[in-house]
Number of protein chains: 2
Amino acid sequence: MTRMPLDDMNCSIARTLDVIGDAWTPLILRDIAIGITRFDAIQRDLGISRKVLSERLGSLIEHGVLQRVPYQTKPVRYDYYATEKGADLGFVLLAMQTWGNRWIFDEQGPPLLLRHEPCGATIEAVTACSNCGEQLSVGDLTPLPGPSFDPDSPEVSAALERREAAFSAARGSS
Amino acid sequence: MTRMPLDDMNCSIARTLDVIGDAWTPLILRDIAIGITRFDAIQRDLGISRKVLSERLGSLIEHGVLQRVPYQTKPVRYDYYATEKGADLGFVLLAMQTWGNRWIFDEQGPPLLLRHEPCGATIEAVTACSNCGEQLSVGDLTPLPGPSFDPDSPEVSAALERREAAFSAARGSS
DNA sequence: AGAGTGAGTTCCGAAAGGGAACCTATACGT
DNA sequence: ACGTATAGGTTCCCTTTCGGAACTCACTCT
């Protein structure tokens, strides 16, 4: 059978992975974000096979993440640019870069730094709470069923209930 | 030949993808983060083949992202838990979830919500600047060569120079 | 006319993925 | 004692995908 269909899973992470869930796609998006926007340049930079690159670019266009913009006619040649939807995947790339900087390149220092133009500083990305603005810790987050929650997965439902029970107990005893 | 080696690329994103660069691994980490921590439970929940699940768990343990903790002897049975390194990948998952919520589940509303325990609100994750604290826009970031930058990729070097030139011009004319 | 560039497509063998069956160790019901 | 269930894998086979090299097409440049 073909690759497991992730596009019908009721999970935002799975649906995102349906778009960028392989080793090459994020690297292609990284190149385009940096400003490497042409087929041959991406192929040379990544060392990806031309076949796979062609397939991935096509899939990203289908998903509305990239658009192909001609930079010349006779013969037609293209730049690949991110759409708004694609540029927003930059936050996923940023999270990956931050993790790699911290856990792989900690000693040597990172290959790339980021300058935040508005404030001018060389910075890191941090994840914050949209409500209180505090920096998030992964452990401070409790998942709750949302509007399109699908209770068909007993594993997930059971895990959420265990969580809720544990937190209720913690609140009660404190 | 085997899968392209990403573990010698001089790029934090590539090195992160060497650990989680496939469709299943992030979903396995998601399950473990939610509290689905046992082999059979993960297998049932995701519908992943037992073979691939076994391989992925092994690889994640090798990478120091997961640890196997016995919850009974006779016979030995295990829970899989994230290490600190693994828990930190939660920010990558969070970024994926945020993207999926916005670009895939916008109309129906998200399958899962997140409660931020310290402030009690149902929140979204936002990415902020470690220096000024402002919410980041992807377009406000300029990549710069860092301590372990490898100038061997002419494509990357050229792209960084183009960027720098464009920004200098913008600053000069404003 | 011939070489070079840019963007793909085609073909082949190797590797990875999915599925089902099998194995091991133990507890539980009758 | 016997069959069944639970938990966590491993093995085998077959299909799909991937990597690499070669080939095509449409121009431009010398």
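What counts as what
Residues numbered from 1 in each chain as written. Chains lettered and ligands numbered in written order. Predicted model: local features only at pLDDT ≥ 70, side-chain atom pairs only at ≥ 80, totals over all residues. Helix = DSSP H or I, 4+ residues; strand = E, 2+ residues; numbered from the N terminus. Buried ≥ 20, exposed ≤ 12 C-beta atoms within 10 Å, placed from the backbone. Axes fitted to C-alpha atoms, helices over the stretch in contact; angles between N-to-C directions. Parallel < 35°, antiparallel > 145°, perpendicular 65-115°, else oblique. Contact = placed C-beta atoms within 7 Å. Nonpolar A, V, L, I, M, F, W, Y, C, P; charged D, E, K, R; others polar. Pairing = 2+ DSSP bridges. Core = buried A, V, L, I, M, F, W, Y, C linked by C-beta atoms within 7 Å. Least-squares fit on C-alpha atoms with pLDDT ≥ 70 in both. Left-handed = near helix turned anticlockwise from the far one by under 90°. Expected span 1.5 Å × (residues − 1). Arc of directions from axis to C-beta.

Undergrad: Please clarify how the overall build of chain A should be interpreted in this entry.
TA: Helix and strand counts for chain A come out as 7 helices and 6 strands. In chain A, buried positions account for 38% of the 174 residues.

Undergrad: I would appreciate a short explanation of the packing of helix 2 (residues 24-34) of chain B against helix 4 (residues 50-62) of chain B in the present structure.
TA: When two helices pack together, you describe them by how their axes are tilted relative to each other and by the distance separating the axes. Residue and element names in this part refer to chain B. Where helix 2 contacts helix 4, the axes come no closer than 10 Å and their chain directions differ by 75°. Judged by the inter-axis angle, helix 2 sits roughly perpendicular to helix 4. Residues Trp24, Thr25 and Ile28 of helix 2 pack against Val52, Arg56 and Leu60 of helix 4. Of the residues contributing to the contact of helix 2 with helix 4, the split by class is 4 nonpolar, 1 polar and 1 charged.

Undergrad: In this structure, what is going on with the sheet that holds strand 6 (residues 141-145) of chain B? I would like to understand it.
TA: Sheet strands associate in pairs through backbone hydrogen bonding, adopting either a parallel or an antiparallel arrangement. Read from one edge to the other, the open sheet built from 3 strands follows the order 4(A)-3(A)-6(B), with strand pairing classed as antiparallel. Each end of this open sheet is capped by a strand with a single partner; those strands are strand 4 (122-123) of chain A together with strand 6 of chain B. By the bridge criterion, 5 bridges tie strand 3 (residues 112-116) of chain A to strand 6 of chain B in an arrangement that is antiparallel. Counted as the bridge partner of His116 of chain A is Leu141 of chain B from strand 6 of chain B.

Undergrad: Would you take a moment to explain the nonpolar core for this structure?
TA: Soluble, globular proteins show a tendency: their nonpolar side chains are buried together. By size, the foremost hydrophobic cluster in this structure holds 80 residues, and its most contacted members are Val92 and Ala95 of chain A together with Val92 and Ala95 of chain B. Beyond its immediate sequence surroundings of up to four residues, Ala95 of chain A is in contact with Phe91, Val92 and Ala95 of chain B.

Undergrad: Quick question: what am I supposed to make of the environment of Trp103 of chain A here?
TA: Inspection of the secondary structure assignment puts Trp103 of chain A in helix 6 (residues 90-103). Remark: the alpha-carbon pair of Trp103 of chain A and Pro26 of chain A, spanning 77 residues in sequence, is separated by 19 Å. Aside from chain neighbours lying at most four places away, what touches Trp103 of chain A is Lys85 and Asp88 of chain B.

Undergrad: Mind showing me how you'd approach the sheet that holds strand 3 (residues 112-116) of chain B here?
TA: Read from one edge of the open sheet, 3 strands run 6(A)-3(B)-4(B), paired in antiparallel fashion. Either end of the sheet is taken by a strand with one partner, and the two such strands are strand 6 (141-145) of chain A together with strand 4 (122-123) of chain B.

Undergrad: What is the right way to read the pairing of strand 5 (residues 125-129) of chain B from this model?
TA: Both faces of the sheet carry side chains from a regular strand, because those side chains alternate between them. Burial analysis of strand 5 of chain B places 4 of its 5 residues in the buried class, which makes it a mostly covered element. Pairing of strand 5 (residues 125-129) of chain A with strand 5 of chain B involves 5 bridges; the strand directions are antiparallel. Counterpart to Ala128 of chain A in the pairing with strand 5 of chain B is Val126 of chain B.

Undergrad: Would you mind going over the interface of chain A and chain B with me for this structure?
TA: Often, the extent of an interface is quoted as the loss of accessible area on bringing the components together. Tallying the contact residues gives 85 residues for chain A and 85 residues for chain B. The element contributing the most residues to the side of chain A that touches chain B is helix 6 of chain A, with 14 residues. Taken together, the residues that form the side of chain A that touches chain B break down as 48 nonpolar, 20 polar and 17 charged.

Undergrad: Whenever I open this one, the relation of the copies chain A and chain B confuses me. Can you help?
TA: Two copies of a chain can be linked by a rotation about an axis combined with a shift along that same axis. When chain A is fitted to chain B, the best match, at an RMSD of 0.0 Å, comes from turning it 180° and sliding it 0.0 Å along the axis. What the superposition gives is, in effect, a two-fold axis relating one chain to the other. An overlap of 99% is found between the interface residues of chain A and their copies at the interface of chain B, pointing to a shared contact surface.

Undergrad: Explain the packing of helix 2 of chain B against helix 3 (residues 39-46) of chain B here, please?
TA: Residues and elements named next belong to chain B. The interhelical angle for the contact between helix 2 and helix 3, taken along N-to-C directions, is 120°, at an axis separation of 11 Å. Taken together, the axis directions place helix 2 and helix 3 in an arrangement best described as oblique. For the crossing formed where helix 2 meets helix 3, the hand is right-handed. When helix 2 is examined against helix 3, the residues Leu27, Ile28 and Asp31 are found in contact with a partner set consisting of Ile42, Asp45 and Leu46. Class assignment for the residues of the contact of helix 2 with helix 3 results in 4 nonpolar, no polar and 2 charged.

Undergrad: Even after reading the chapter, I still don't get helix 4 (residues 50-62) of chain A, so can you show me in this structure?
TA: Each full turn of the α-helix corresponds to 3.6 residues, which orients residues three or four apart in the same direction. Residues and elements named next belong to chain A. Its 13 residues place the ends of helix 4 18 Å apart at the C-alpha level, agreeing with the 18 Å of an ideal helix rising 1.5 Å per residue. Within the sequence span of helix 4, burial applies to Arg56, Leu57 and Leu60. All buried residues of helix 4 lie within an arc of 100° about the axis, which places them on one face of the element. Seen from the buried face of helix 4, the exposed residues on the opposite side, beyond 90 degrees, are Lys51, Glu55, Gly58 and Glu62. On the buried face of helix 4, the contacting elements are helix 2 (24-34), strand 1 (66-72) and strand 2 (77-82). Following helix 4 by one or two positions, Gly64 has its phi on the positive side, about 75°.

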